[in-house]
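# Observations on chain architecture
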Amino acid sequence: MTKRNLGEALRAGEFVAAPGLHDMIAAVIANKIGFDFVYASGFWLTASGYGLPDAGIATYTQMIDRVATLTRLVDAGVIADADTGYGGLLNVHHTVRGYEEACVVAIQIEDQEFPKKCGHTPFKRVVPVVDMVEKVKVACEARRNPGGMLVIARTDARQPEGFEGAVKRGLAYAEAGADIVFLEALESEAEMREACKRIAKPMMANMADGGKTPIRSKTELAEIGYALAIYPSITGLAAGAAIENAFRVFKAEGTSDSPNLPLFDFREFQSLIGFEDVWAFERRWARNS
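On a predicted model such as this, the values are computed, not experimentally measured, just so you know. (Residues numbered from 1 in each chain as written. Predicted model: local features only at pLDDT ≥ 70, side-chain atom pairs only at ≥ 80, totals over all residues. Heavy atoms only, no water.)

### Regarding the environment of Leu228
Rules: The helix and strand labels rest on DSSP assignments: H or I over at least four residues marks a helix, E over at least two residues marks a strand, and numbering proceeds from the N terminus. What makes two residues a contact is simply this: any of their non-hydrogen atoms within 4.5 Å.
Within the secondary structure, Leu228 sits in strand 8 (residues 228–231). Linking Leu228 and Ala18, residues 210 residues apart in sequence, is a C-alpha distance of 7.8 Å. The contacts of Leu228, once residues within four sequence positions are left out, are Leu10, Phe15, Val16, Ile79, Ile180, Met203, Met204 and Ala205.

Rendered as structure tokens:
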């Protein structure tokens, strides 16, 4: 299946709302529902793959494996989190090439110091503006096909430098060539509106459930001035709630066969995950004993 081009969608004036996929089960279920674009979150792919917090612990090698697996499985175009680019300028160059080869439609790079933190947690620190400007320029130049993969420049300066500091950085990253600008963890709708008004590039909103930014619908975000939004926590938190409920019911009732425990249809899941192809192969090639 040919994945949609994110740049073409934005230029056509289409608002893009991308749900986050925390693991590969979410990916195959996303194929059932049907989305044009999805989001590969560093926070959630790290949590689901390694049981670790989003604190700069996962490496480039670990994340590119997860992202490449996701892009192979999911029909939608993948907008992918690449943290700080995993190091200096040479690392950024290598990261961009790797993500491009993994066929993501956009790569997101942020301006935090290493080790980075989740954007909605405390103790974040940001690098000097000039350092991130160079990262953005390197990232844009590293692409073999600039029309194929967009560069998203994220700033985490809202908390350490205030709203004006975050806007100043957003403007600098836009000038450096970023295709999309992302001011992380804005704290009010008024800030969101002002940022979109002042930065003349497609703006991305992070609708992180439980985070610092107020959650708004895609219709509301388009009216505010955003071009796209990610909902990174939607499958991870939904899965967590469902698993906790399943465990509580099982502990209380001693069975999985309960009206209090809704389960995905097992036969349908086998189909989604690819067992029908396996069975067709075996019918063709298996020898009778």
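The discussion continues.
### Topic: the nonpolar core
What counts here: Only buried residues count toward a nonpolar core, which is a set of Ala, Val, Leu, Ile, Met, Phe, Trp, Tyr and Cys residues joined through side-chain atoms within 4.5 Å. The classification of residues rests on relative accessible area computed with a 1.4 Å probe and restricted to protein chains. Under 20% of the type maximum is buried, over 50% is exposed, and intermediate values are partly exposed.
Grouped together as the largest cluster of nonpolar side chains are 40 residues, with contacts concentrated most on Val74 and Tyr99. Ranked by residue count, the leading element in this core is helix 6 (residues 129–142), at 6 residues. Contacts of Tyr99, omitting those with residues within four sequence positions, involve Tyr60, Met63, Ile64, Val67, Ala80, Asp81, Ala82, Tyr86, Val104, Ile107 and Met149. Grouped together as the second largest cluster of nonpolar side chains are 22 residues, Val126, Ala157, Leu186 and Met207 included.

### With respect to the packing of helix 2 (residues 24–33) against helix 11 (residues 266–273)
Here is the rule: Lines fitted to C-alpha atoms define the axes here, with helix axes fitted over just the stretch in contact, and angles between the N-to-C directions of these axes take values from 0 to 180 degrees. Put simply, angles under 35 degrees are roughly parallel, angles over 145 are roughly antiparallel, angles from 65 to 115 are roughly perpendicular, and the rest are oblique. Polar here means any residue other than Ala, Val, Leu, Ile, Met, Phe, Trp, Tyr, Cys and Pro, which are nonpolar, and Asp, Glu, Lys and Arg, which are charged; Gly is therefore polar.
At a minimum axis distance of 10 Å, the contact between helix 2 and helix 11 shows a crossing angle of 95°. Relative to helix 11, the element helix 2 lies roughly perpendicular. Contacts between helix 2 and helix 11 involve Ile25, Val28, Ile29 and Lys32 from the first element and Glu268, Phe269, Leu272 and Ile273 from the second. Partitioning the contact of helix 2 with helix 11 into residue classes produces 6 nonpolar, no polar and 2 charged.

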